[in-house]
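Single-letter residue listing:
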Amino acid sequence: MKLSVALFFAGLFGALAAVFILLSFGTDYWLLASESCHPNPDGSVGPGGVPIERGDVVVQDGTSSGITLYHEGFFWRCSFGGNEGDDDLLWKLWFTNQPHSKVCMPAYLFPFPVSQQTHNATAYDSAIIYRGFWSVFMLIGVAAVLLGGFFIICAAPFASHGLYKAGGGLFLTSGLFLLCVVVMYVLWVQVLDVVDVYIEYQRTALCPNFQLSLNYGLSFMFAPVGIFFCLLAGLLFLLVGRTIQVHYH
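Owing to the predicted nature of the structure, the values given are computational and were not obtained by experimental measurement. (Residues numbered from 1 in each chain as written. Predicted model: local features only at pLDDT ≥ 70, side-chain atom pairs only at ≥ 80, totals over all residues. Heavy atoms only, no water.)

Go over the environment of Phe-9, please, and point to the residues and values.
Its place among the elements puts Phe-9 in helix α1 (residues 2–26). Phe-9 gets classed as partly exposed once you look at its relative accessible area, which sits at 38%. Between the C-alpha atom of Phe-9 and that of Phe-237, which follows or precedes it by 228 residues, the distance is 9.5 Å. (Helix = DSSP H or I, 4+ residues; strand = E, 2+ residues; numbered from the N terminus. Buried < 20%, exposed > 50% of the residue type's maximum accessible area, 1.4 Å probe, protein only.)

Laid out in structure tokens, this is it:
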């Protein structure tokens, strides 16, 4: 009875882990970003560089309020324009509120915000190598959880303790690799200098008042939940396999 309960919860946690991991892997919302440029934030200079004096009336052409939005995941990095006056700007990044004019490129070749224009050759190659390891770890984690689920299905009901142990080990392997994926992504955004180099380049070459805002997206949030269920399911499947080996063999 206790073994059946443990197996039920292990299967439930394993199914939840697979769902959250596949959602994290298949949706391109690991990172949400918005960038804008205010050439004249204090309003002291008008169009054409003409100084504005007290009492002058300036007609805006509407181009200064533009903002570029990005969302990025494992497969794609997409960008599109928006209006900075929108109250719910970040909601434009979600599935149900997307513009038609959206430009997407492979994220594993052009990860935000790295490009050959903003980074030198050494920094660009290093970033691509780092992103390559991140992608490989992600693929290993997804493949391990799918293969582990296949082993568990083949092991039911209590047919082979070896398959339960193998499935549990694959779930643990998946959780550990995906944990590395999450840590590497946090390091990419928060610790490494790729974002700082991009901001410095934009402020030097394009706009002194360039602003960049970064937020973690829903795909990123799915990953830790999937990792938790993955590790829990792996431990339970190993326990089930060990119990079957001791009592039935």
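Give a description of the packing of aromatic side chains that names residues and reports values.
According to the stated counting rule, one finds 23 aromatic pairs in the structure shown. With centroids separated by 5.0 Å and ring planes inclined at 45°, the aromatic side chains of Phe-25 and Phe-74 adopt a geometry described as tilted. On the criterion of sequence distance, the pair formed by Phe-25 in helix α1 and Phe-74 in the loop between β2 (66–72) and β3 (76–83) is long-range, its members being 49 residues apart. Taken together, Phe-25, Trp-30, Phe-74, Phe-75, Trp-134, Tyr-185, Tyr-216 and Phe-220 form an aromatic cluster joined through their ring pairs. (Phe/Tyr/Trp six-rings, centres within 6.5 Å; stacked < 30°, edge-to-face > 60°.)

I'd love a proper account of the state of the cysteines, names of residues and values included.
Counted under the stated rule, the structure contains two disulfides. One disulfide in the model links Cys-37 with Cys-207; its S-S distance is 1.9 Å. What sets the handedness of the Cys-37 and Cys-207 disulfide is the S-S torsion sign, and at about 100° it is right-handed. One end of the pair, Cys-37, is in strand β1 (residues 31–37); the other, Cys-207, is in the loop between α4 (194–205) and β5 (210–216), and 170 residues separate them in sequence. (Disulfide = S-S within 2.5 Å.)

Summarise the packing of α1 against helix α2 (residues 121–155); cite the residues concerned and give the values.
For the pair α1 and α2, the least separation of the axes is 10 Å and the interaxial angle reads 150°. The angle between the axes of α1 and α2 places the two elements in the roughly antiparallel class. In this structure, α1 crosses over α2, and the sense of that crossing is left-handed. Note on element contacts: α2 touches α1 through Met-138, Leu-139, Val-142, Val-145 and Leu-146, opposite Ala-18, Ile-21, Leu-22 and Phe-25. Within the contact of α1 with α2, the residues separate by chemical class into nine nonpolar, no polar and no charged. (Axes fitted to C-alpha atoms, helices over the stretch in contact; angles between N-to-C directions. Parallel < 35°, antiparallel > 145°, perpendicular 65-115°, else oblique. Left-handed = near helix turned anticlockwise from the far one by under 90°. Contact = heavy atoms within 4.5 Å. Nonpolar A, V, L, I, M, F, W, Y, C, P; charged D, E, K, R; others polar.)

So what about the environment of Val-240? Which residues, and what values?
Structurally, Val-240 is set in helix α5 (residues 218–248). By relative accessible area, which is 1% here, Val-240 ends up buried. Along the backbone, Val-240 and Leu-3 are 237 residues apart, and their C-alpha atoms lie at a distance of 6.7 Å.

So, the side chain of Ser-219: which residues are in play, and what are the values?
As for its placement among the helices and strands, Ser-219 is situated in helix α5. Taking the relative accessible area as the measure of exposure, Ser-219 reaches 1% and is therefore buried. Apart from the residues lying within four places of it in its own chain, the contact partners of Ser-219 are Leu-23, Ser-24, Thr-27, Asp-28, Tyr-29 and Trp-30.

An account of the packing of α2 against helix α3 (residues 161–191) is needed here, citing residue identities and associated values.
Describing two packed helices takes the angle between their axes plus the distance from one axis to the other. Closest axis-to-axis distance for the α2/α3 pair is 8 Å, and the angle between their directions is 155°. As judged from the angle between their axes, α2 and α3 are roughly antiparallel. Here α2 runs over α3; the crossing is left-handed. For the contact of α2 with α3, the residue count by class is 27 nonpolar, six polar and one charged.

Hey, could you go over the nonpolar core for me, with residue numbers and the actual values?
The biggest cluster of nonpolar side chains holds 50 residues, and the ones touching the most others in it are Trp-30, Trp-134, Met-138, Tyr-164, Leu-212 and Phe-237. Elements represented by at least two residues in this core include exactly α1, β1, α2, α3, α4, β5 and α5. Among the elements that line this core, the one with the most residues is α5, at ten residues. Residue contacts for Leu-212: discarding those within four places in its chain leaves Ala-33, Ser-34, Glu-35, Phe-112, Val-195, Tyr-198 and Ile-199. (Core = buried A, V, L, I, M, F, W, Y, C linked by side-chain atoms within 4.5 Å.)

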